[in-house]
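The lines below spell out each chain.
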Amino acid sequence: MAGPGAAPPRLALALAALAALVAVKYYRDGEVARQQELALKSLGSEGLFLFSSLDTNNDLYLSPEEFKPIAEKLTGVAPVSEFEEEETPDPSGETLSVVAKFQPLVMETMTKSKDGFLGISHVALSGLRNWTAPAAPMSVMLARQFKAFLPPKNKLDLGDPWWIIPSELNIFTGYLSNNRFYPPPPKGKEIIIHKLLSMFHPRPFVKTRFAPQGAVACIQAISAFYYTIAFRIHAEFQLNEPPDFPFWFSPGQFTGHIILAKDSSHVREFKLFVPNNRSLNVDMEWLYGASESSNMEVDIGYLPQMELESTGPSIPSVIHDENGNVIDSRDPSGEPIQFVFEEITWQQEIPWEEAARKLEVAMYPFKKVSYLPFTQAFERAKAEKKLVHSILLWGALDDQSC
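Rules used throughout
Residues numbered from 1 in each chain as written. Predicted model: local features only at pLDDT ≥ 70, side-chain atom pairs only at ≥ 80, totals over all residues. Heavy atoms only, no water. Core = buried A, V, L, I, M, F, W, Y, C linked by side-chain atoms within 4.5 Å. Buried < 20%, exposed > 50% of the residue type's maximum accessible area, 1.4 Å probe, protein only. Contact = heavy atoms within 4.5 Å. 1 Å grid on protein atoms, 1.4 Å probe; cavity = no way out; pocket = protein on both sides within 12 Å on 5 of 7 lines; lining within 4 Å. Points joined across faces, edges and corners; volume = space filled by probe spheres on them. Nonpolar A, V, L, I, M, F, W, Y, C, P; charged D, E, K, R; others polar. Pairing = 2+ DSSP bridges. Helix = DSSP H or I, 4+ residues; strand = E, 2+ residues; numbered from the N terminus. Phe/Tyr/Trp six-rings, centres within 6.5 Å; stacked < 30°, edge-to-face > 60°. Lys NZ or Arg CZ within 6 Å of the ring centre and 35° of its normal. pLDDT = per-residue confidence, 0-100. Patch = residues over 30% accessible without salt bridge, like charges linked within 9 Å, V, L, I, M, F, W, Y side chains within 5 Å. Areas by Shrake-Rupley, 256 points an atom, 1.4 Å probe, with all protein chains shown as cover. Salt bridge = Lys/Arg side-chain N within 4 Å of Asp/Glu carboxyl O.

Chemist: How should I be thinking about the nonpolar core in this particular structure?
Modeler: Burial of nonpolar side chains together is a common tendency in soluble globular proteins. By size, the foremost hydrophobic cluster in this structure holds 55 residues, and its most contacted members are F146, F149, F200, F249, F254 and F270. Apart from residues lying up to four places away in sequence, F149 is in contact with W162, I164, I192, I193, L196, I229, F231, I258, L260 and F270. With eight residues, the next largest nonpolar core counts C218, I350, M363 and Y364 among its residues.

Chemist: Explain the layout of surface pockets here, please?
Modeler: The volume enclosed by the second largest pocket comes to roughly 790 Å³. Forming the walls of the second largest pocket are 24 residues, and the residues nearest its centre are S370, Y371, L372, A377 and H389. Tallied by class, the residues present in the lining of the second largest pocket amount to 14 nonpolar, four polar and six charged.

Chemist: Honestly, the sheet that holds strand 12 (residues 296–301) in this entry has me stumped. Any pointers?
Modeler: Sheet strands line up and pair through hydrogen bonds in the backbone, either parallel or antiparallel. Taking strand neighbours across the sheet as the criterion, the five strands line up as 4-7-8-11-12 in an open arrangement whose pairing is antiparallel. Of all strands in the sheet, those with a lone pairing partner are strand 4 (204–205) and strand 12, marking the two edges. When strand 8 (residues 247–251) meets strand 11 (residues 282–287), the two strands line up antiparallel, connected through five bridges. Residue F247 lies in a different strand from strand 11, and its bridge partner there is W286.

Chemist: Explanation requested: the packing of aromatic side chains in the structure shown.
Modeler: The relation between two aromatic rings is expressed through the spacing of the ring centres and the mutual angle of the planes. Tallying each qualifying case throughout the model produces 18 aromatic pairs. Ring plane angle 65° and centroid distance 4.9 Å describe the contact between F205 and W248, whose orientation is recorded as edge-to-face. Highlighted residues: F205 in strand 4 and W248 in strand 8, separated in sequence by 43 residues. F205 sits in the buried class, given a relative accessible area of 2%. Residues F339 and F341 carry aromatic rings whose centres are separated by 6.4 Å and whose planes lie at 35° to one another, so their mutual orientation is tilted. When its relative accessible area of 30% is taken as the criterion, F339 is described as partly exposed. Just above the ring of F273 sits the side chain of K271; from NZ or CZ to the centre is 5.6 Å.

Chemist: I keep staring at the side chain of E190 and nothing clicks. Help me out?
Modeler: Take E190: it is sitting in helix 4 (residues 190–197). In this structure E190 comes out as buried when scored by relative accessible area, which is 15%. Excluding residues that lie within four positions of it along the chain, E190 makes contacts with I165, V206 and K207.

Chemist: Where do I start with the confidence of the model for the protein chain in this structure?
Modeler: Note: predicted coordinates in regions of low pLDDT should not be interpreted at a detailed level. Per-residue pLDDT for the protein chain averages 84, and the proportion of residues at 70 or more is 78%. Within the model, the stretch residues 80–85 combines pLDDT values under 50 with six contacts to residues more than four positions away or in other chains.

Chemist: Explanation requested: a nonpolar patch on the surface in the structure shown.
Modeler: Together, F366, V369, Y371, I391, L393 and L397 make up a nonpolar patch on the protein surface, roughly 560 Å² of accessible area in all. In this fold, L393 is placed in the segment after helix 6 (374–384).

Chemist: Looking at this structure, how should I read the pattern of salt bridges?
Modeler: Side chains that differ in sign of charge can pair as their charged atoms come close. Within the structure shown, the criterion is met by 14 salt bridges. Across the salt bridge formed by R203 and E241, the nearest N and O atoms sit 3.5 Å from each other. Here E241 lies in the loop between strand 7 (236–238) and strand 8 and R203 lies in the loop between helix 4 and strand 4, a separation of 38 residues in the sequence. Comparing R203 with E241 shows no difference in burial state: the two are buried. A salt bridge links E285 to R209, with the shortest nitrogen-to-oxygen separation between them at 2.9 Å. Taken together, the residues span a long stretch of sequence, with E285 in strand 11 and R209 in the loop between strand 4 and strand 5 (214–222) at a distance of 76 residues. As far as burial versus exposure is concerned, E285 and R209 are alike and both buried. What emerges from the salt-bridge pattern is a single network uniting K112, E297 and D299.

Okay, here's the thing in structure tokens:
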């Protein structure tokens, strides 16, 4: 039996277990620090920087999957199918042709241009200067790949937002590493977003380093067989590759809409774009050293055009006659068969501005409060007998360009 001054057996056991856990963590932290010190001696600062950018799980080992981007770069051999779909669409289903339109960033809108980019190496901006056209001006996709845009069963009301790609960042997780060159393989609903953004540039990151990240959508209109889905995506691009240091290109947002059959078999219309109605709509950040804590330059600029648009409705990839026989997609004169699509009668709908507002508030809850232009604020304050709180900003707080 324990004496009057002894700790209860369970408490003593818990304290011993806690002490063991602390000791193990201390040992592991020491081992990691030792291994990092050895890696720095072996690889040098720039070599360790490149290694760390590939070591996505920070275990100081490169798995075959982590080494793949460098292997592809060295061999020049890209995989036939870069990413596997979770659900393989029917290859005989309808296909949608999508075109990319792109005008490069106006360099004169960057603040660094005012002094002729003094002190900025040409290499740092090489990825930006060389990006003058979309990576893929046109792409043909299967209509069912756009299934990711369909609403969940509990989000069938107009303007009720849901997350296509939920954010994984919060005040506890902080932000993702700047020291990366190659995006992680997309999964699930990320795949179609990654495929679309890859038409602009080969290295899109569908999850931004900073919150709010992800993609959000809501129903704008409903018919018997179709939805119009409004969406907003926060994504960014890595413009540089080793041996250069990372250069991050973060548009304010990607927004747009899709008119999609409720069973995802047909896409009537698709458009995605970076809004260009503001004087500044892209944030840029680039590192100047071989570590996460290296100096970083930040600037902001204007991108005139970055958009994807379907050339028309999706069409069958295989055509059958009334007896189920496969027929030629061209008429006897050699011209493509012209398809006639029924007109959609919308039973319920809300204006685009209202849908966009719902998505904006989902991304930025502070937008539940009305932020007014300078002149309108004073008129509202006078009418409501309230004071005016004025904020002067370099960019806009309600998109990723600030």
